[in-house]
Amino acid sequence: MQASKDLGNGFRHHGVATDIANSRGLVATVDGEGRNVVLLWLYDRRGCYGLLLIGAETGASEQFPLPFPPGDDFNACPFSSILTSGNLFCTHFHSHFLAFDPVERAFTFFHETVPQMAMGMTEDDGGRIWAATHPDSGVTCYDPRTGAFRDYGHVYKQNWRQYPRSVAADDAGWIYFGIGSTASQIICLEPDSGAVEPVLSNDERVHGSGHVYRDLNGKVYGHSGESSRGWFELHKGERIPVGPLEDRNEKPVVTGSQGLFHRNFPDGKRIVACDLETRTLSVEDPDSDEIDEVGFEYTTEGAHVMGLAAAPDNTICGGTTFPARFFCYNPDSDSWINRPNLGQWNTVTRQTDRFFAGGYTGGILLEWDPASAWVPTEKDNPGSNPRFLTECKPAINRPHTLLAHPDGKTVILAGTPDYGRTGGGLLFWDRETGARVLLEHTDILPDHSTMSLIALTDGNLLGGSTTNPGTGGEQKAKEAELYLMELETRRVLWREAVFAGAQSYTDLCLARDGLVYGVVDQERFFAFDPDSREVIRSERTAESFGLTARQQGPRVFVTTPAGSVYMLFVRGIVRVNPSDHSLTMLVASPVPVSFGGDWLNGRIYFGSGSHVYSYGECE
């Protein structure tokens, strides 16, 4: 890793936490000379930024930028791809359909569409390429033979974000796709008129996703999301129940999700591994059982950092996503450690001699002992370090806050629930006994999830909710609320929608004299007295300071051992004045502050995209 760089005005740049890109779909195919090549979509903190072509025998690589402006957005990336029968590698994301031709070594087609990205793709018998898109069931069709492209727009409305993961075409050209996750459905589309009909009645819909596949007999088969309820045949828009489906002859189509990994070359050789960390490609020849390994190169700005905190060994640690990695920066030696880890570490914190992480997916809780050797995490191995403690799915799937209670033994995890669900829970973990208590949202605030959480001076808890459901779920609560919970009984003592129209309490912080500072929707600061349960100061900050930093585990507030409180805004670092709770811009940042944040030895550490920075001196 590169040494830190002084940026002036008190800021330092410490480098990229994880200098690795991620594949969002990979296929083995051939180029115009019949040579084996690998194609993959490159993804880093900017989203998808290009396509990488690797020669399977030589490792010679070529990187192709996108033919349209990239989104510079974490979610602007492929969630589905397809290698067509005509050897085009197609995908749809950032509201664009695009096709890459390895024979031409170029993008040969792209077209803007209604938002946003394909979750499922297929090819019909006429060679047309179909995509069904998130979040509102958009449908597109591209005919490589003629260049014709049709955007059918959004064809099915729901009040939640839809995930159309499976798509199939029957031999008459009719299109069917299954959606989820709040309530399953299958949509049927007649390609000429664009007319659509839902296949499932409301009584048949279940939590989950409808599923379809194309059979070699020319028909499409589907189920409601629970195959035990029986399958049905779909052809020319007609549905016929068939009951259990024991014989399945699925038509081969090289397509899949963001994890697509098509290993087989036309000549029978196969990819064993394509490692973007070591930049090596391994290919097996089944005739000789020999494996050839070649190196390749690519450029990246690094993986997206989810957050960071000071660890007990006086280092700055956290996690990145895509790929999921652990990082550790040592300010004393100006050096980095980077390792694979389990899960996407959304939330991190320290308690006494341990460092804890709350991870997606599954709402996992991990405990790391920095004083002991690193042992890769295995769920069933108590000797792992980080050690896997528990998981909370479906009550918690995507963690948003992790509280190390000042009692020194209780760790509390909270976040939004599993896909398609509404209302997140609270996990209480006892370090002394290894016991856990997992509350459902109905035990706290029904249809809310906890976004922020602190311990008050008496040990009880103050939580701030979000109305956001689990991914693909239905929002049911109208306004976010603050709530007070007794730690011992875990009983909610008080709740109130303190700010009309608020949707999320971004972060909370315990200040001097037992007061609480908070942020609402990234744009309002407030000071709250938990004894009187009154707001004693409120200030809209969007105009004067911009929006606060954000992330799935935001860490907007940074406190120091001396009791000073700072806030991380996109534009810079703000000081909270303890006398009157007013805000003062301490210093403008040379880079956008995108996530927090912690204090260590006089410096505030924060991040921007894939990079880690600090500012000092702060007392």
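This section reports on the structure supplied with the text. (Residues numbered from 1 in each chain as written. Predicted model: local features only at pLDDT ≥ 70, side-chain atom pairs only at ≥ 80, totals over all residues. Heavy atoms only, no water.)

Quick look at the state of the cysteines now. A covalent bond between the sulfur atoms of two cysteines is what we call a disulfide. Evaluation of the coordinates by the stated rule reveals 0 disulfides. Counting only cysteine sulfurs, Cys141 is the nearest neighbor of Cys188, a cysteine outside any disulfide, at a range of 15 Å. On the basis of relative accessible area, Cys188 is assigned to the buried category, the value being 6%. (Disulfide = S-S within 2.5 Å. Buried < 20%, exposed > 50% of the residue type's maximum accessible area, 1.4 Å probe, protein only.)

Right, let's talk about the sheet that holds strand β25 (residues 270–275) for a bit. Read from one edge to the other, the open sheet built from 3 strands follows the order β25-β26-β27, with strand pairing classed as antiparallel. A strand with exactly one partner marks an edge of an open sheet, and here the two such strands are β25 and β27 (290–295). Each strand axis lies, on average, 15 degrees off the axis of its neighbour in the sheet, ignoring direction. Looking at chain direction, strand β26 (residues 280–285) and β27 are connected through 6 bridges and run antiparallel. The partner of Leu281 across the bridge, within β27, is Val294. (Pairing = 2+ DSSP bridges. Helix = DSSP H or I, 4+ residues; strand = E, 2+ residues; numbered from the N terminus. Axes fitted to C-alpha atoms, helices over the stretch in contact; angles between N-to-C directions.)

Glancing now at the pairing of strand β36 (residues 398–404). Counting buried residues in β36 gives 7 out of 7 residues, a clear majority hidden from the surface. Of the pairings in the sheet, the one linking β36 to strand β37 (residues 410–416) comprises 6 bridges and is antiparallel in character. Note that in β37 the partner of Ala404 across the bridge is Val411. In textbook terms, the turn of a hairpin is the stretch between consecutive antiparallel strands, and for β36 and β37 this stretch comprises 5 residues, one of which, Gly408, has a positive phi near 80 degrees.

Another point: the nonpolar core. Of all hydrophobic cores here, the largest spans 25 residues; its most connected members are Leu39, Leu51 and Phe107. Looking at this core, the elements with two or more residues in it are β4 (36–44), β5 (47–55), β8 (89–93), β9 (96–101) and β11 (117–123). For this core, the element with the highest residue contribution is β4, accounting for 4 residues. Setting aside anything within four residues of it in sequence, one finds Leu51 in contact with Leu39, Leu40, Trp41, Glu62, Gln63, Phe64, Phe89, Phe100 and Phe107. Among the nonpolar cores identified, the runner-up in size contains 20 residues, and Tyr49, Phe265, Ile271 and Leu281 belong to it. (Core = buried A, V, L, I, M, F, W, Y, C linked by side-chain atoms within 4.5 Å. Contact = heavy atoms within 4.5 Å.)

A word on the packing of aromatic side chains. This structure, assessed with the given rule, holds 33 aromatic pairs. Aromatic side chains Phe355 and Trp368 sit 5.9 Å apart centroid to centroid with 85 degrees between the ring planes, which places their arrangement in the edge-to-face category. With Phe355 in strand β33 (residues 354–360) and Trp368 in strand β34 (residues 364–368), the pair connects residues that are 13 residues apart, well separated along the chain. Neither residue differs from the other here; Phe355 and Trp368 are each classed as buried. By way of ring pairs, the aromatic residues Trp41, Phe64, Phe89, Phe100 and Phe107 are connected into one cluster. Over the ring of Phe232 we find Arg239; its NZ or CZ atom is 4.3 Å from the centre of that ring. Between Arg248 and the ring centre of Tyr213, over which it is positioned, the NZ or CZ distance is 4.3 Å. (Phe/Tyr/Trp six-rings, centres within 6.5 Å; stacked < 30°, edge-to-face > 60°. Lys NZ or Arg CZ within 6 Å of the ring centre and 35° of its normal.)

The next subject is the pattern of salt bridges. Summed over the entire model, instances satisfying the criterion amount to 28 salt bridges. Two residues, Arg214 and Asp125, come together in a salt bridge whose shortest N-O distance is 3.0 Å. Of this pair, Arg214 sits in strand β19 (residues 211–214) while Asp125 sits in the loop between β11 and β12 (129–134); the two residues are 89 residues apart in sequence, bridging distant segments of the chain. Given a relative accessible area of 11%, Arg214 falls into the buried group. Asp125 sits in the partly exposed class, given a relative accessible area of 42%. (Salt bridge = Lys/Arg side-chain N within 4 Å of Asp/Glu carboxyl O.)

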